[in-house]
Amino acid sequence: MIRVILPAIVLSVLLIGGGGLYVLYENLQGKQTTLSLNGDNTNVSPGGTAVRMLFENATGQVTKTPDIDLRGQMPPAPDGWYARAYTQADGETIVEAELIQSMVSKSTTNDVLLDYRRADQAGAGGETMTYMRGKMLMALRMQRLEQVNTNTVQGQILGEINASMAMFDNIGGALGQSGSSKSLFARADGIDWTEQPRTSRRPATGEVTPVNYRRFTAKLGTFIEMEILTNAADTHVAALIGQIDMAALNALLPAPAPEYREGVGVFTAQTELSDVPPGESLAMKAYTTLNDGRIYQPLEARILKRMAEGDITDWDTLVKRNGAGFVPSETLLALLGPEPDHIKRGRIAHNLLNNHEPISAAERNLVLQVSRGQILTQADARKSRNYDAGALSEEAMGLIALLPLGSVDPQTAEAVETPAETQAPAAKPTVRRGANGGNFGAENCSIELGVRRCVLGDN
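Just so we're clear, the structure is a prediction, and the values are computed from it rather than from any experiment. Just so you know, the residues in each chain are numbered from 1, in the order the chain's sequence is written. Given that the model is predicted, a residue must reach a pLDDT of at least 70 before its local features are reported, and side-chain atom pairs must reach 80 or more before they are shown or counted; all residues, however, enter totals for whole chains, interfaces and linings. Calculated side-chain values reflect all of the structure's heavy atoms, with hydrogen atoms and water omitted.

(A) Molecular detail of the overall build of the protein. Numbering goes from the N terminus for both helices and strands, where a helix is a DSSP run of H or I of at least four residues and a strand is a run of E of at least two. Each helix and strand in the protein was counted, giving 15 helices and 14 strands. Here the term buried applies to any residue with accessible area under 20% of the maximum for its type, exposed to any over 50%, and partly exposed to those in between, with areas from a 1.4 Å probe on protein chains only. The proportion of buried residues among the 459 residues of the protein is 34%. Within the structure as shown, the protein displays about 27,500 Å² of accessible surface, and the carbon and sulfur contribution to it stands at 54%. All accessible areas in this document rest on Shrake-Rupley with a 1.4 Å probe, and a residue is counted as covered only by the protein chains that are shown.

Pasting the structure below:
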(Lines give C-alpha, C1' and ligand atoms only; values in the text may rest on other atoms or scores of the structure.)
Protein backbone atom coordinates (compact mmCIF):
# COMPACT_ATOMS: atom_id res chain seq x y z
CA MET A 1 0.00 0.00 0.00
CA ILE A 2 2.79 2.37 1.01
CA ARG A 3 4.59 1.56 -2.25
CA VAL A 4 1.59 2.97 -4.10
CA ILE A 5 0.83 5.98 -1.84
CA LEU A 6 4.36 7.43 -1.59
CA PRO A 7 4.98 7.57 -5.35
CA ALA A 8 1.53 9.10 -5.79
CA ILE A 9 2.30 11.83 -3.23
CA VAL A 10 5.66 12.60 -4.83
CA LEU A 11 4.07 12.74 -8.27
CA SER A 12 1.32 15.06 -7.00
CA VAL A 13 3.87 17.41 -5.43
CA LEU A 14 5.87 17.50 -8.63
CA LEU A 15 2.82 18.13 -10.73
CA ILE A 16 1.46 20.85 -8.42
CA GLY A 17 4.86 22.50 -7.95
CA GLY A 18 5.68 22.25 -11.62
CA GLY A 19 2.25 23.57 -12.57
CA GLY A 20 2.66 26.46 -10.13
CA LEU A 21 6.08 27.32 -11.55
CA TYR A 22 4.68 27.13 -15.08
CA VAL A 23 1.79 29.46 -14.18
CA LEU A 24 4.25 31.84 -12.48
CA TYR A 25 6.54 31.70 -15.51
CA GLU A 26 3.66 32.52 -17.85
CA ASN A 27 2.59 35.33 -15.48
CA LEU A 28 6.06 36.85 -15.47
CA GLN A 29 6.43 36.95 -19.23
CA GLY A 30 6.80 40.60 -20.23
CA LYS A 31 5.82 41.75 -16.71
CA GLN A 32 7.73 43.82 -14.12
CA THR A 33 8.34 42.86 -10.50
CA THR A 34 8.89 46.38 -9.14
CA LEU A 35 6.31 48.73 -7.68
CA SER A 36 6.16 52.51 -7.70
CA LEU A 37 4.08 54.86 -5.60
CA ASN A 38 3.84 57.42 -8.38
CA GLY A 39 4.24 55.36 -11.54
CA ASP A 40 1.96 53.14 -13.61
CA ASN A 41 1.82 49.62 -12.13
CA THR A 42 -0.49 48.10 -14.75
CA ASN A 43 2.37 45.97 -16.15
CA VAL A 44 3.49 44.71 -12.74
CA SER A 45 3.08 41.02 -11.93
CA PRO A 46 1.51 40.57 -8.46
CA GLY A 47 2.74 36.98 -8.17
CA GLY A 48 6.26 37.76 -9.31
CA THR A 49 6.46 40.80 -7.06
CA ALA A 50 5.35 38.77 -4.04
CA VAL A 51 7.96 36.06 -4.71
CA ARG A 52 10.68 38.67 -5.16
CA MET A 53 9.72 40.44 -1.90
CA LEU A 54 9.82 37.13 0.00
CA PHE A 55 13.27 36.35 -1.37
CA GLU A 56 14.62 39.84 -0.61
CA ASN A 57 13.32 39.74 2.96
CA ALA A 58 14.72 36.23 3.55
CA THR A 59 18.18 37.23 2.30
CA GLY A 60 18.24 40.63 4.10
CA GLN A 61 18.58 42.70 0.94
CA VAL A 62 16.06 45.44 1.79
CA THR A 63 18.59 47.50 3.77
CA LYS A 64 22.35 47.74 3.78
CA THR A 65 24.79 48.96 6.40
CA PRO A 66 27.15 51.77 5.35
CA ASP A 67 30.83 51.36 6.23
CA ILE A 68 30.95 54.19 8.80
CA ASP A 69 32.78 54.02 12.14
CA LEU A 70 31.58 56.72 14.53
CA ARG A 71 33.88 55.78 17.40
CA GLY A 72 35.98 58.72 18.55
CA GLN A 73 33.76 61.37 16.94
CA MET A 74 32.31 62.84 20.15
CA PRO A 75 33.29 66.53 20.46
CA PRO A 76 35.11 68.02 23.48
CA ALA A 77 33.07 69.81 26.12
CA PRO A 78 32.34 73.53 25.63
CA ASP A 79 34.03 75.98 28.00
CA GLY A 80 32.73 75.56 31.53
CA TRP A 81 31.33 72.09 30.85
CA TYR A 82 32.53 68.60 31.77
CA ALA A 83 32.21 65.56 29.48
CA ARG A 84 31.73 61.96 30.60
CA ALA A 85 30.31 58.70 29.26
CA TYR A 86 26.54 58.71 28.80
CA THR A 87 24.44 56.58 31.15
CA GLN A 88 20.76 55.72 31.02
CA ALA A 89 20.28 57.68 34.24
CA ASP A 90 21.44 60.84 32.43
CA GLY A 91 18.70 60.54 29.84
CA GLU A 92 16.09 59.74 32.47
CA THR A 93 17.12 62.79 34.50
CA ILE A 94 16.73 65.09 31.50
CA VAL A 95 13.32 63.75 30.41
CA GLU A 96 12.09 63.23 33.99
CA ALA A 97 10.88 59.70 33.21
CA GLU A 98 12.16 56.13 33.43
CA LEU A 99 12.94 54.00 30.39
CA ILE A 100 10.44 51.24 29.63
CA GLN A 101 11.96 48.40 27.62
CA SER A 102 9.37 47.54 24.98
CA MET A 103 9.15 46.41 21.37
CA VAL A 104 6.09 48.63 20.95
CA SER A 105 6.28 52.42 21.07
CA LYS A 106 5.01 53.66 24.44
CA SER A 107 5.59 57.38 23.93
CA THR A 108 7.83 59.82 22.16
CA THR A 109 9.82 60.29 25.38
CA ASN A 110 10.39 56.55 25.76
CA ASP A 111 11.40 56.24 22.09
CA VAL A 112 14.04 58.95 22.63
CA LEU A 113 15.52 57.04 25.58
CA LEU A 114 15.53 53.83 23.51
CA ASP A 115 17.36 55.62 20.68
CA TYR A 116 20.10 56.68 23.09
CA ARG A 117 20.34 53.16 24.48
CA ARG A 118 20.64 51.64 21.01
CA ALA A 119 23.30 54.16 20.00
CA ASP A 120 25.21 53.49 23.23
CA GLN A 121 25.23 49.76 22.43
CA ALA A 122 25.83 50.07 18.67
CA GLY A 123 29.62 49.72 18.74
CA ALA A 124 31.03 51.36 15.61
CA GLY A 125 27.50 52.32 14.55
CA GLY A 126 26.83 54.83 17.33
CA GLU A 127 28.29 57.05 20.02
CA THR A 128 26.84 58.87 23.04
CA MET A 129 28.25 61.40 25.49
CA THR A 130 26.98 63.45 28.44
CA TYR A 131 28.03 67.04 29.12
CA MET A 132 27.50 68.44 32.63
CA ARG A 133 27.45 71.89 34.21
CA GLY A 134 25.84 72.01 37.63
CA LYS A 135 22.28 70.73 37.22
CA MET A 136 22.33 71.32 33.48
CA LEU A 137 22.86 68.31 31.22
CA MET A 138 23.32 67.85 27.48
CA ALA A 139 23.27 64.31 26.06
CA LEU A 140 24.65 63.95 22.52
CA ARG A 141 23.85 60.98 20.27
CA MET A 142 25.42 60.10 16.92
CA GLN A 143 24.08 57.09 15.05
CA ARG A 144 24.72 55.43 11.71
CA LEU A 145 21.56 55.06 9.66
CA GLU A 146 20.72 51.93 7.70
CA GLN A 147 20.38 52.64 3.98
CA VAL A 148 17.47 51.28 1.95
CA ASN A 149 18.46 49.24 -1.09
CA THR A 150 16.51 50.84 -3.92
CA ASN A 151 17.25 47.81 -6.12
CA THR A 152 14.71 45.87 -4.04
CA VAL A 153 10.93 46.21 -4.16
CA GLN A 154 10.48 47.40 -0.58
CA GLY A 155 13.65 49.49 -0.75
CA GLN A 156 12.36 51.35 -3.77
CA ILE A 157 9.04 52.10 -2.03
CA LEU A 158 10.78 53.17 1.19
CA GLY A 159 13.09 55.41 -0.81
CA GLU A 160 10.13 57.22 -2.37
CA ILE A 161 8.44 57.58 1.02
CA ASN A 162 11.63 58.95 2.63
CA ALA A 163 12.10 61.44 -0.20
CA SER A 164 8.54 62.72 0.27
CA MET A 165 8.94 62.97 4.04
CA ALA A 166 12.29 64.77 3.66
CA MET A 167 10.57 67.45 1.59
CA PHE A 168 8.01 68.09 4.33
CA ASP A 169 10.75 68.01 6.99
CA ASN A 170 12.59 70.75 5.14
CA ILE A 171 9.44 72.86 5.02
CA GLY A 172 8.88 72.35 8.73
CA GLY A 173 12.50 73.13 9.55
CA ALA A 174 12.52 76.32 7.52
CA LEU A 175 9.10 77.69 8.40
CA GLY A 176 8.07 75.97 11.61
CA GLN A 177 7.64 77.82 14.90
CA SER A 178 8.20 76.85 18.45
CA GLY A 179 5.55 74.93 20.37
CA SER A 180 3.93 72.07 18.48
CA SER A 181 5.99 72.59 15.32
CA LYS A 182 9.59 72.04 14.36
CA SER A 183 11.77 75.12 14.06
CA LEU A 184 15.19 75.80 12.63
CA PHE A 185 17.60 76.41 15.51
CA ALA A 186 21.01 76.61 13.87
CA ARG A 187 22.95 75.79 10.72
CA ALA A 188 26.45 74.35 11.19
CA ASP A 189 28.58 74.18 8.02
CA GLY A 190 25.34 74.00 6.04
CA ILE A 191 23.78 71.25 8.21
CA ASP A 192 20.41 72.20 9.75
CA TRP A 193 19.78 71.62 13.45
CA THR A 194 16.04 71.52 14.15
CA GLU A 195 14.36 72.02 17.51
CA GLN A 196 11.66 69.38 17.93
CA PRO A 197 8.26 70.07 19.54
CA ARG A 198 8.27 70.04 23.33
CA THR A 199 5.57 67.37 23.43
CA SER A 200 5.33 63.63 23.88
CA ARG A 201 2.73 61.50 22.10
CA ARG A 202 1.32 58.13 23.17
CA PRO A 203 0.54 56.14 19.99
CA ALA A 204 -1.89 53.83 21.79
CA THR A 205 -4.23 56.67 22.77
CA GLY A 206 -3.10 59.55 20.56
CA GLU A 207 -2.72 61.70 23.69
CA VAL A 208 -0.21 64.53 23.36
CA THR A 209 1.31 65.89 26.57
CA PRO A 210 3.88 68.68 27.07
CA VAL A 211 7.43 68.04 28.29
CA ASN A 212 10.09 70.23 29.89
CA TYR A 213 13.13 68.83 28.07
CA ARG A 214 14.21 69.92 24.59
CA ARG A 215 15.52 67.99 21.58
CA PHE A 216 17.65 69.24 18.71
CA THR A 217 18.26 66.93 15.73
CA ALA A 218 20.32 66.98 12.54
CA LYS A 219 21.20 64.61 9.70
CA LEU A 220 24.39 64.48 7.70
CA GLY A 221 23.13 63.34 4.33
CA THR A 222 21.17 60.13 4.80
CA PHE A 223 23.97 58.40 6.68
CA ILE A 224 24.41 59.96 10.14
CA GLU A 225 21.78 61.15 12.61
CA MET A 226 22.66 63.47 15.52
CA GLU A 227 20.57 64.51 18.50
CA ILE A 228 21.03 66.71 21.56
CA LEU A 229 18.74 66.01 24.52
CA THR A 230 18.97 68.75 27.13
CA ASN A 231 17.61 70.95 29.91
CA ALA A 232 20.22 73.65 29.20
CA ALA A 233 19.95 77.11 27.61
CA ASP A 234 20.19 78.01 23.92
CA THR A 235 23.72 79.42 24.20
CA HIS A 236 24.98 76.12 25.63
CA VAL A 237 23.33 74.07 22.86
CA ALA A 238 24.84 76.33 20.20
CA ALA A 239 28.25 76.01 21.86
CA LEU A 240 28.08 72.22 21.77
CA ILE A 241 27.01 72.22 18.12
CA GLY A 242 30.01 74.42 17.38
CA GLN A 243 32.33 71.79 18.92
CA ILE A 244 31.23 69.02 16.51
CA ASP A 245 33.76 68.33 13.75
CA MET A 246 31.47 68.33 10.72
CA ALA A 247 34.41 67.99 8.32
CA ALA A 248 35.56 64.77 9.99
CA LEU A 249 32.05 63.34 9.96
CA ASN A 250 31.51 64.28 6.32
CA ALA A 251 34.80 62.53 5.42
CA LEU A 252 33.35 59.27 6.79
CA LEU A 253 30.45 59.25 4.33
CA PRO A 254 30.49 57.11 1.17
CA ALA A 255 29.56 60.33 -0.69
CA PRO A 256 29.75 63.92 0.66
CA ALA A 257 26.50 65.31 2.08
CA PRO A 258 25.06 67.65 -0.59
CA GLU A 259 24.12 70.31 1.98
CA TYR A 260 27.56 70.34 3.68
CA ARG A 261 29.56 73.58 3.35
CA GLU A 262 33.07 73.27 4.72
CA GLY A 263 34.32 75.96 7.06
CA VAL A 264 31.20 78.15 7.00
CA GLY A 265 30.72 77.86 10.77
CA VAL A 266 27.66 77.97 13.01
CA PHE A 267 24.79 80.40 12.44
CA THR A 268 21.74 80.51 14.74
CA ALA A 269 18.24 81.36 13.55
CA GLN A 270 17.88 83.91 16.37
CA THR A 271 20.42 86.72 16.59
CA GLU A 272 20.37 86.69 20.39
CA LEU A 273 20.32 83.46 22.39
CA SER A 274 19.30 83.12 26.02
CA ASP A 275 21.86 81.90 28.54
CA VAL A 276 19.09 80.96 30.99
CA PRO A 277 17.56 77.45 30.79
CA PRO A 278 13.90 77.68 29.71
CA GLY A 279 12.73 75.63 32.70
CA GLU A 280 9.09 74.57 32.88
CA SER A 281 7.39 75.21 29.57
CA LEU A 282 4.22 77.25 29.19
CA ALA A 283 2.56 74.12 27.80
CA MET A 284 3.44 72.17 30.94
CA LYS A 285 2.09 74.96 33.17
CA ALA A 286 -1.16 75.03 31.18
CA TYR A 287 -1.41 71.22 31.32
CA THR A 288 -0.93 71.29 35.12
CA THR A 289 -3.53 74.06 35.49
CA LEU A 290 -6.05 72.28 33.28
CA ASN A 291 -5.71 69.10 35.34
CA ASP A 292 -5.63 70.66 38.83
CA GLY A 293 -9.10 69.34 39.70
CA ARG A 294 -10.98 72.59 39.18
CA ILE A 295 -13.78 73.30 36.71
CA TYR A 296 -13.03 75.93 34.08
CA GLN A 297 -15.41 77.67 31.71
CA PRO A 298 -15.62 75.92 28.30
CA LEU A 299 -13.76 78.66 26.39
CA GLU A 300 -11.04 78.91 29.03
CA ALA A 301 -10.68 75.12 29.12
CA ARG A 302 -10.30 75.00 25.32
CA ILE A 303 -7.61 77.69 25.46
CA LEU A 304 -5.74 75.85 28.22
CA LYS A 305 -5.89 72.66 26.16
CA ARG A 306 -4.47 74.43 23.10
CA MET A 307 -1.72 75.91 25.26
CA ALA A 308 -0.92 72.45 26.65
CA GLU A 309 -0.66 71.11 23.09
CA GLY A 310 1.70 73.92 22.09
CA ASP A 311 -0.76 75.57 19.71
CA ILE A 312 -0.88 78.76 21.82
CA THR A 313 2.58 79.78 22.97
CA ASP A 314 2.34 83.51 23.75
CA TRP A 315 0.11 86.59 23.65
CA ASP A 316 0.31 86.88 19.88
CA THR A 317 -0.89 83.33 19.23
CA LEU A 318 -3.62 83.76 21.86
CA VAL A 319 -4.97 86.79 19.99
CA LYS A 320 -4.52 85.06 16.64
CA ARG A 321 -6.69 82.15 17.81
CA ASN A 322 -9.33 84.18 19.68
CA GLY A 323 -9.47 87.60 18.02
CA ALA A 324 -8.16 91.06 18.87
CA GLY A 325 -11.13 91.82 21.13
CA PHE A 326 -10.54 88.81 23.42
CA VAL A 327 -10.29 89.66 27.12
CA PRO A 328 -8.07 87.13 28.96
CA SER A 329 -9.10 85.73 32.33
CA GLU A 330 -7.01 85.98 35.48
CA THR A 331 -5.92 82.36 34.96
CA LEU A 332 -4.54 83.10 31.49
CA LEU A 333 -2.90 86.32 32.74
CA ALA A 334 -1.11 84.31 35.42
CA LEU A 335 0.24 81.89 32.79
CA LEU A 336 1.18 84.39 30.07
CA GLY A 337 2.42 87.24 32.27
CA PRO A 338 1.76 90.97 31.85
CA GLU A 339 -0.21 91.92 28.76
CA PRO A 340 2.01 93.72 26.21
CA ASP A 341 1.03 97.22 25.10
CA HIS A 342 0.55 96.16 21.48
CA ILE A 343 -2.03 93.59 22.59
CA LYS A 344 -3.86 96.24 24.64
CA ARG A 345 -3.80 98.61 21.66
CA GLY A 346 -5.23 95.91 19.43
CA ARG A 347 -8.15 95.29 21.80
CA ILE A 348 -8.92 99.01 22.22
CA ALA A 349 -8.77 99.56 18.44
CA HIS A 350 -11.02 96.53 17.85
CA ASN A 351 -13.60 97.79 20.36
CA LEU A 352 -13.57 101.31 18.92
CA LEU A 353 -14.10 100.06 15.39
CA ASN A 354 -16.77 97.52 16.30
CA ASN A 355 -18.75 99.07 19.16
CA HIS A 356 -22.35 100.23 18.82
CA GLU A 357 -21.61 103.90 19.47
CA PRO A 358 -20.61 105.68 16.24
CA ILE A 359 -17.31 107.54 16.13
CA SER A 360 -16.28 110.36 13.85
CA ALA A 361 -14.65 109.69 10.50
CA ALA A 362 -11.43 111.36 11.66
CA GLU A 363 -11.27 109.21 14.80
CA ARG A 364 -11.98 106.05 12.80
CA ASN A 365 -9.20 106.87 10.35
CA LEU A 366 -6.79 107.57 13.21
CA VAL A 367 -7.63 104.29 14.95
CA LEU A 368 -7.26 102.38 11.68
CA GLN A 369 -3.84 103.92 11.12
CA VAL A 370 -2.73 102.85 14.59
CA SER A 371 -4.10 99.30 14.20
CA ARG A 372 -2.45 98.87 10.78
CA GLY A 373 0.94 100.07 12.01
CA GLN A 374 0.86 103.26 9.94
CA ILE A 375 1.12 105.32 13.13
CA LEU A 376 3.80 103.96 15.44
CA THR A 377 4.38 106.71 18.01
CA GLN A 378 2.51 109.42 19.88
CA ALA A 379 4.45 111.97 17.84
CA ASP A 380 3.17 110.38 14.63
CA ALA A 381 -0.39 110.50 15.97
CA ARG A 382 -0.15 114.21 16.80
CA LYS A 383 1.13 114.96 13.30
CA SER A 384 -1.80 113.15 11.68
CA ARG A 385 -4.46 115.34 10.08
CA ASN A 386 -7.05 113.15 11.83
CA TYR A 387 -5.77 114.11 15.28
CA ASP A 388 -7.97 116.50 17.23
CA ALA A 389 -7.52 116.15 20.98
CA GLY A 390 -10.73 118.00 21.71
CA ALA A 391 -12.83 115.73 19.49
CA LEU A 392 -11.25 112.33 20.26
CA SER A 393 -12.93 109.97 22.71
CA GLU A 394 -11.35 108.88 25.97
CA GLU A 395 -10.70 105.41 24.53
CA ALA A 396 -8.92 106.84 21.48
CA MET A 397 -6.71 109.03 23.68
CA GLY A 398 -5.94 106.00 25.82
CA LEU A 399 -5.00 104.08 22.66
CA ILE A 400 -2.55 106.81 21.63
CA ALA A 401 -1.12 106.97 25.15
CA LEU A 402 -0.05 103.30 24.79
CA LEU A 403 2.19 104.21 21.85
CA PRO A 404 5.90 105.02 22.36
CA LEU A 405 6.56 108.75 22.61
CA GLY A 406 8.58 109.05 19.43
CA SER A 407 10.73 111.96 18.29
CA VAL A 408 9.16 115.41 18.56
CA ASP A 409 10.58 118.90 18.00
CA PRO A 410 11.11 120.23 21.57
CA GLN A 411 9.86 123.69 20.49
CA THR A 412 6.47 122.27 19.48
CA ALA A 413 6.21 119.14 21.64
CA GLU A 414 3.12 118.81 23.81
CA ALA A 415 2.18 115.91 26.05
CA VAL A 416 -0.73 113.72 24.93
CA GLU A 417 -3.80 114.80 26.83
CA THR A 418 -5.18 112.42 29.42
CA PRO A 419 -8.93 111.64 29.50
CA ALA A 420 -11.05 114.59 30.69
CA GLU A 421 -12.13 112.94 33.93
CA THR A 422 -8.52 112.50 35.08
CA GLN A 423 -7.14 115.75 33.67
CA ALA A 424 -6.41 118.36 36.33
CA PRO A 425 -7.38 121.96 35.36
CA ALA A 426 -4.32 124.13 34.81
CA ALA A 427 -4.18 127.61 36.37
CA LYS A 428 -3.76 130.31 33.71
CA PRO A 429 -1.61 133.35 34.57
CA THR A 430 -3.03 136.82 33.99
CA VAL A 431 -1.27 138.58 31.13
CA ARG A 432 -1.73 142.34 30.82
CA ARG A 433 -0.61 144.38 27.90
CA GLY A 434 -0.68 148.17 27.61
CA ALA A 435 -2.65 149.89 24.91
CA ASN A 436 0.52 150.86 23.12
CA GLY A 437 2.90 148.34 24.52
CA GLY A 438 3.46 150.45 27.67
CA ASN A 439 6.52 150.48 29.90
CA PHE A 440 5.07 148.85 33.00
CA GLY A 441 6.69 145.69 34.36
CA ALA A 442 9.75 146.26 32.25
CA GLU A 443 11.76 143.91 34.44
CA ASN A 444 9.50 141.04 33.24
CA CYS A 445 9.71 141.94 29.58
CA SER A 446 12.07 140.83 26.88
CA ILE A 447 12.59 141.29 23.17
CA GLU A 448 12.20 137.98 21.25
CA LEU A 449 12.57 137.97 17.46
CA GLY A 450 11.79 141.69 17.40
CA VAL A 451 8.67 141.36 19.54
CA ARG A 452 8.38 142.78 23.05
CA ARG A 453 6.82 140.17 25.39
CA CYS A 454 5.75 140.93 28.94
CA VAL A 455 4.27 138.34 31.33
CA LEU A 456 3.04 139.29 34.77
CA GLY A 457 1.77 137.24 37.69
CA ASP A 458 -1.82 136.87 38.89
CA ASN A 459 -1.47 140.07 40.92
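(B) Structural view of the pairing of strand E7 (residues 191–195). The element E7 is extensively covered by neighbouring structure, given that four of its five residues are classed as buried. Strands pair, by our definition, only if DSSP identifies at least two bridges between them. Pairing of strand E6 (residues 183–188) with E7, which is carried by five bridges, proceeds in the antiparallel orientation. By the bridge assignment for E7, Ser183 is matched with Glu195. The turn linking E6 back onto E7 is made up of two residues, and Asp189 within it adopts a positive phi angle of 50°. Bridge count for E7 against strand E10 (residues 214–220) is two bridges, and the pairing is antiparallel. Bridge assignment links Thr194 to a residue of E10, and that residue is Thr217.

(C) Up close: helix H3 (residues 88–95). Burial in H3 covers these residues: Asp90, Gly91, Glu92, Ile94 and Val95. Elements in contact with the buried residues of H3: strand E2 (82–84), helix H4 (108–120), strand E3 (126–133), strand E4 (136–144) and strand E11 (224–230). Positive backbone phi, approximately 60°, marks Glu96, located one or two places after H3. Whether two residues are in contact is decided by their heavy atoms: any pair within 4.5 Å suffices.

(D) Main features of the packing of aromatic side chains. Only centres within 6.5 Å qualify two rings of Phe, Tyr or Trp (six-membered ring in Trp) as a pair; their planes then separate them into stacked at under 30 degrees, edge-to-face at over 60, and tilted for everything else. Counting across every chain of the model gives two aromatic pairs. Between the aromatic rings of Tyr86 and Tyr116, the centroid separation amounts to 5.3 Å while the plane-to-plane angle is 40°, which identifies the pairing as tilted. With a gap of 30 residues between them, Tyr86 in the loop between E2 and H3 and Tyr116 in helix H4 connect regions that are remote in the sequence. What makes Tyr116 buried here is its relative accessible area of 0%. On the basis of an interplanar angle of 55° and a centroid distance of 4.7 Å, the ring pair of Phe185 and Phe216 is categorised as tilted. Taken as a pair, Phe185 in strand E6 and Phe216 in strand E10 lie far apart in primary sequence, 31 residues in all. Like Phe216, Phe185 is buried. Counting as a charge over the ring demands two things of the Lys NZ or Arg CZ atom: a distance within 6 Å of the ring centre and an angle within 35 degrees of the ring normal. One Lys or Arg, Arg141, reaches over the ring of Tyr116 and ends 5.7 Å from the middle of that ring.

(E) Representation of the side chain of Ser281 in the model. With respect to the helices and strands, the residue Ser281 is situated in the loop between strand E12 (266–268) and helix H8 (282–290). Setting aside residues up to four positions removed in sequence, Ser281 forms contacts with Arg198, Pro210, Val211 and Asn212.

(F) How the structure looks around the confidence of the model for the protein. Taken as a whole, the protein shows an average pLDDT of 76; of its residues, 65% reach a score of 70 or greater. Residue-level confidence of the predictor is summarised by pLDDT, bounded by 0 at the bottom and 100 at the top. Averaged pLDDT values over the elements of the protein bottom out at 48 in helix H5 (residues 153–175) and peak at 97 in E11. Overall, residues 167–179 carries pLDDT values under 50, and its contacts beyond four positions in sequence, including any with other chains, amount to 18 contacts. Here residues 410–443 is a poorly scored stretch, pLDDT under 50, and it has 38 contacts once near neighbours within four places are set aside; other chains count.

(G) Examining the sheet that holds E6 more closely. Ordered in space as E2-E3-E4-E11-E10-E7-E6-E12, the eight strands form an open sheet in which the pairing is antiparallel. Of all the strands in the sheet, just E2 and E12 have a single pairing partner and so form its edges. Pairs of neighbouring strands in the sheet enclose a mean axial angle of 20°, with direction left out of account. Judged from the seven bridges that link them, E4 and E11 form a sheet pairing that is antiparallel. Counterpart to Met142 in the pairing with E11 is Met226. Think of each axis as a best-fit line through the C-alpha atoms, taken over the contacting stretch in the case of a helix, with angles from 0 to 180 degrees between the N-to-C directions.

(H) Local environment of the pattern of salt bridges. Only one rule defines a salt bridge in this text: a Lys or Arg side-chain nitrogen within 4 Å of an Asp or Glu carboxyl oxygen. Summed over all chains, the structure comprises 14 salt bridges. Between Glu227 and Arg215 there is a salt bridge, with its nearest N and O atoms 3.1 Å apart. Within this pair, whereas Glu227 is found in strand E11, its partner Arg215 is found in strand E10, the two being separated by twelve residues in sequence. Comparing Glu227 with Arg215 shows no difference in burial state: the two are buried. The network of salt bridges with shared partners includes Arg141, Arg215, Glu225 and Glu227.

(I) Expanded view of the pairing of E11. Burial of E11 is extensive: six of the seven residues sit out of reach of the surface. In this sheet, E11 lies alongside E10 in antiparallel orientation, the contact comprising seven bridges. Each residue of the ladder has a partner; that of Ala218, found in E11, is Met226. Here E10 folds back onto E11 in antiparallel fashion, the turn holding three residues, of which Gly221 has a positive phi close to 60°.

(J) Quick peek at the nonpolar core. What makes a nonpolar core is a set of buried Ala, Val, Leu, Ile, Met, Phe, Trp, Tyr and Cys residues whose side-chain atoms join them at distances within 4.5 Å. Ranked by internal contacts, the top residues of the largest apolar core, which has 33 residues, are Trp193, Ile224, Met226 and Ile228. Elements represented by at least two residues in this core include exactly E3, E4, E6, E7, E10, E11, helix H6 (234–243) and helix H7 (246–252).

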